[in-house]
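Listed below are the residues making up each chain.
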Amino acid sequence: MAGLSLLRVASNADLIKREQEELARAELAERQNQPVILSLAGYIKRCWDAARSAKQPIETQMLASLRRRNGEYDPIKLNAIRQQGGSEVFMMITDVKCRAAESWLRDILLDTGMPPWDIQPTPLPELKPEDMTAIYDKLGQAVMQYIQSTGVSPDPVEVLELQNMFAQDYRNSLLREAQAKCDGMKAKISDQFVQGGWAEAFNDMITDVVTFPAAFIKGPIVRRQRTLGWAPQLDGSVMAVPDEVLAPEYERVDPFLVYPEPGITNINDGYFIEVHKMPRTELAELIGVPGYDDDAIRHVLDGLGGIDWLTTTDIPERDVLERKYSTEMRPTDIYDAIEFWGKVSGKMLLEWGMSEEEIDDPAKEYDANVWLIGDTVIKAVLNYDPLGEKPYTKVCFIKVPGAFWGKGIPEIIADVQDVANAAARALVNNMGIASGPQVEVNLSRISANEDITQMVPWKIWQVNADPLSANDAPAIRFTQPVDNSDGLLKVYEKFSRLADEHSGIPAYLYGDLDVQGAGRTSSGLSMLMGAAGKGIRQVVGYIDSDVIKPVVQRQFTYNMRYIDDPFIKGDAQIVPRGAINLAVKESTLVRKLEFLQATANPIDLEIVGKSGRTAILREVAKGLQMPVDDVIPSYEKEQFMARVQPPSQPGQGESQSPVGAALSAGGEPKGGQSGNTVSNRNTGAA
């Protein structure tokens, strides 16, 4: 049987499938190698090279900040210290200040029992023509009731007053309806934040903002989320089944992996690049996701480029600083991907494969999102944001006017940390030297068999006569070095206190008992903490305006565009509450309780009415984190109970004027839920 070989027999289906795969590869190669596609990849690479070069000084500073937080010296300085000899101690002043700032910010923004943002209706709702028609109808009913009860026409001035009252009451009803929609939208966004990882991203962002020149959060980004669904069974039970949904997500963006356009101040001023380190499984999961080129992704996964093709910061040193050891031994393939956000020529987008319906003018520049791995473009879509904004937010601990990057605490107190380290090293070295005497031995007088390296109490030394001196000077001399520890300790303490002033994070905020001056009394310490809060209030204001408000606004816009729920949609405004939480956290609840007690009298109750008293109680209960809806009835329930309860008997309560009686009989305005404003104004009743 020699010379025989096995032949592989392939079916027609296998041959057709193989031909289709080869044809797809050929089409992809032809499309990716077109001059315009190469121009698109080349343009992204030119942008990347410029942004990477501009960021190199910032990357050096970020590595230095990581070292200071970890208590490690720069390699050059550490080598100089070792050449000189002595202690290598590093005092952790920077890390203490950073951790204190993180705790302070989290206490203000996350530990208040309520989110650091709110959604409120616009202050003055406009009355549409149909609203004015409803007001005139109710006004006519009230005038007819007045004529029927009195037999005369009302005074024109009184009619005008009634019209204004009806209009104001109608606006109040619109505000209540708008507030209900805002509450629904707030609950929806809170649920989306929980499902989308907002809390984790925001918490990590706080660590970045105190450490690095800037911190970043990305979102909302719509992605596929794997969840558990519950399928009913025939026997009445339910079974957990895997499911996938498209939902908005949020994530903290590593400051080391973002590259803004050189010279810009804000993210939306120019192009913005994020670098992704994607494992093979993560890249493969993009197959089938709308917007991505499946053939291009398969082309990359086949081993045709994409692994470690970017030159970024000193990754090995950074991995060690972040306690990620032996990452070079990781067996998983890691693909470097560039995510580009910025202006791209319409001609490039058309040649890549976008439709003419999306690109109406090839000569125009379009806000686009392009993904590049090696020389392969795996995604090119238009920016979906209606205002063309990028889905990133940036905040700095200290802003530098006109600059993209700001300053973190390690950079602010760098000089103070260096001087404190120098004083501490000198202190430790001096303590070691001054801990015992320096010994001088005259070898010509010591016996040859004497061990001069050992000194013990009651040791007997064998010495010889000094041939050069008639007085026989001592063979062993002791010299006590000068102890400078007190002066060095004062230097260290002085610069430790300077770190409080430079960082704006005083030591008494995190439990330092050695407080001098006004801080020794409770009122004085309260004044000092209030003064210290001014610095952190500025940082909280940056987070409010640069992170919280734009992120919530984008999520609000997303829900208005894509969520089919009319009960949460309305004219609203986003109100960040971080700075407000800091300013009023300690005193607001006390003031509310005082106001509640001050208005607990018949005169004030007649003015605010039962509904006003209910509103005050609800606000106080919210501040105490009580189940408000279980303790205090809602306004709608109150009005429903008022309608279903029988009217009061004659002779009870105060008498009403004819106009007030006609107004009460006229009913409620259209769309409103009460006529309390007018009724209270005419009768004084709740």
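Calculation rules
Residue indices begin from 1 for each chain and proceed along its sequence in written order. In keeping with the predicted nature of the model, local features appear solely for residues at pLDDT of at least 70, side-chain atom pairs appear and are counted solely at 80 or more, and the whole-chain, interface and lining totals rest on all residues. Heavy atoms from the whole structure form the basis of all side-chain values; hydrogens and water molecules are not counted. In plain words, nonpolar cores are sets of buried Ala, Val, Leu, Ile, Met, Phe, Trp, Tyr and Cys residues tied together by side-chain atoms within 4.5 Å. For every residue, the accessible area obtained with a 1.4 Å probe (protein chains only) is divided by the maximum for its type, and the residue is called buried under 20%, exposed over 50%, and partly exposed between those limits. Contact criterion: two residues are considered in contact whenever any of their non-hydrogen atoms come within 4.5 Å of each other. Working definition: helices are DSSP H or I runs of at least four residues, strands are E runs of at least two. Numbering for both runs from the N terminus. For this analysis, a polar contact is any N or O atom pair within 3.5 Å, provided that within protein one partner can donate a hydrogen and the other can accept it, and provided that sequence-adjacent residues contribute only side-chain to side-chain pairs. What makes two strands pair is DSSP finding at least two bridges between them. Angles here are taken between N-to-C directions and fall from 0 to 180 degrees, while the axes themselves are lines fitted to C-alpha atoms, restricted in helices to the stretch in contact. Within this document, salt bridges are pairs made up of a side-chain nitrogen of Lys or Arg and a carboxyl oxygen of Asp or Glu, the two lying within 4 Å of each other. Aromatic rings from Phe, Tyr and Trp, with only the six-membered ring used for Trp, were paired whenever their centres fell within 6.5 Å, and each pair was classed as stacked if the ring planes differed by under 30 degrees, edge-to-face if by over 60, and tilted otherwise. A ring is scored as having a charge over it whenever the NZ atom of a lysine or the CZ atom of an arginine sits within 6 Å of its centre and within 35 degrees of its normal.

Quick question: what am I supposed to make of the nonpolar core here?
One broad trend across soluble globular proteins is that nonpolar side chains are buried collectively. Within the largest apolar cluster, 51 residues are counted, with the highest numbers of intra-cluster contacts made by Leu105, Phe202, Met205 and Ile543. Excluding residues within four positions of it along the chain, Met205 makes contact with Ala215, Phe216, Ile217, Arg252, Val395, Ile543 and Val547. Ala41, Leu349, Val370 and Ala380 belong to the second largest nonpolar core, which has 26 residues in total.

For this particular structure, what's the right way to read the environment of Asp367?
Tracing the sequence through the fold places Asp367 in strand E7 (residues 365–373). For Asp367, a relative accessible area of 26% gives the class partly exposed. In contact with Asp367, not counting residues within four places along its chain, are Gly342, Lys343, Leu382, Asn383 and Gly388. Looking at Asp367, its side chain comes within polar contact range of the side chain of Lys343, at 3.4 Å.

Got a minute to help me understand the sheet that holds strand E6 (residues 334–345) in this structure?
Hydrogen bonds between backbone atoms are what pair the strands of a sheet, whose relative direction is either parallel or antiparallel. Pairing within the open sheet is antiparallel, and its five strands lie in the order E4-E5-E6-E7-E8. Edge positions in the open sheet fall to strand E4 (258–260) and strand E8 (376–382), since each of these has one partner strand only. The mean inter-strand angle of the sheet, taken between neighbouring strand axes irrespective of direction, is 20°. Inspection of the sheet shows E7 paired to E8 by six bridges, in the antiparallel sense. Within E8, the residue paired with Asn369 across the bridge is Val381. Packed onto the sheet, helix H9 (residues 294–301) meets E6, E7 and E8 and runs at close to 150° relative to E8.

What's the story with the pattern of salt bridges in this structure? I'm lost.
Any two side chains of opposite charge can pair if their charged atoms end up close together. Tallied over the full model, the rule gives 24 salt bridges. Across the pair Arg99 and Asp95 runs a salt bridge, and its minimum N-O distance is 2.9 Å. Of this pair, Arg99 and Asp95 both sit in helix H4 (residues 93–109), four residues apart, which is roughly one turn of the helix. A relative accessible area of 44% means that Arg99 is categorised as partly exposed. Asp95 gets classed as buried once you look at its relative accessible area, which sits at 14%.

Before we go on, may I ask you to explain the packing of aromatic side chains in this structure?
Ring pairs (aromatic) are described by centroid distance and by the angle formed between their planes. Considering all chains together, one arrives at 20 aromatic pairs under this definition. With a centroid separation of 4.9 Å and 70° between ring planes, the pair formed by Tyr73 and Phe90 is classed as edge-to-face. Here the residue Tyr73 occupies a position in the loop between helix H2 (35–70) and helix H3 (75–84), and Phe90 occupies one in the loop between H3 and H4, the gap between them amounting to 17 residues. The exposure class assigned to Tyr73 is buried, which follows from its relative accessible area of 10%. According to the relative accessible area criterion, Phe90 is buried, its value standing at 12%. Its guanidinium or amino end placed over the ring of Tyr259, Lys55 lies 4.4 Å from that ring's centre, counting from NZ or CZ. Its end group placed over the ring of Trp461, Lys459 keeps NZ or CZ at 4.2 Å from the ring centre.

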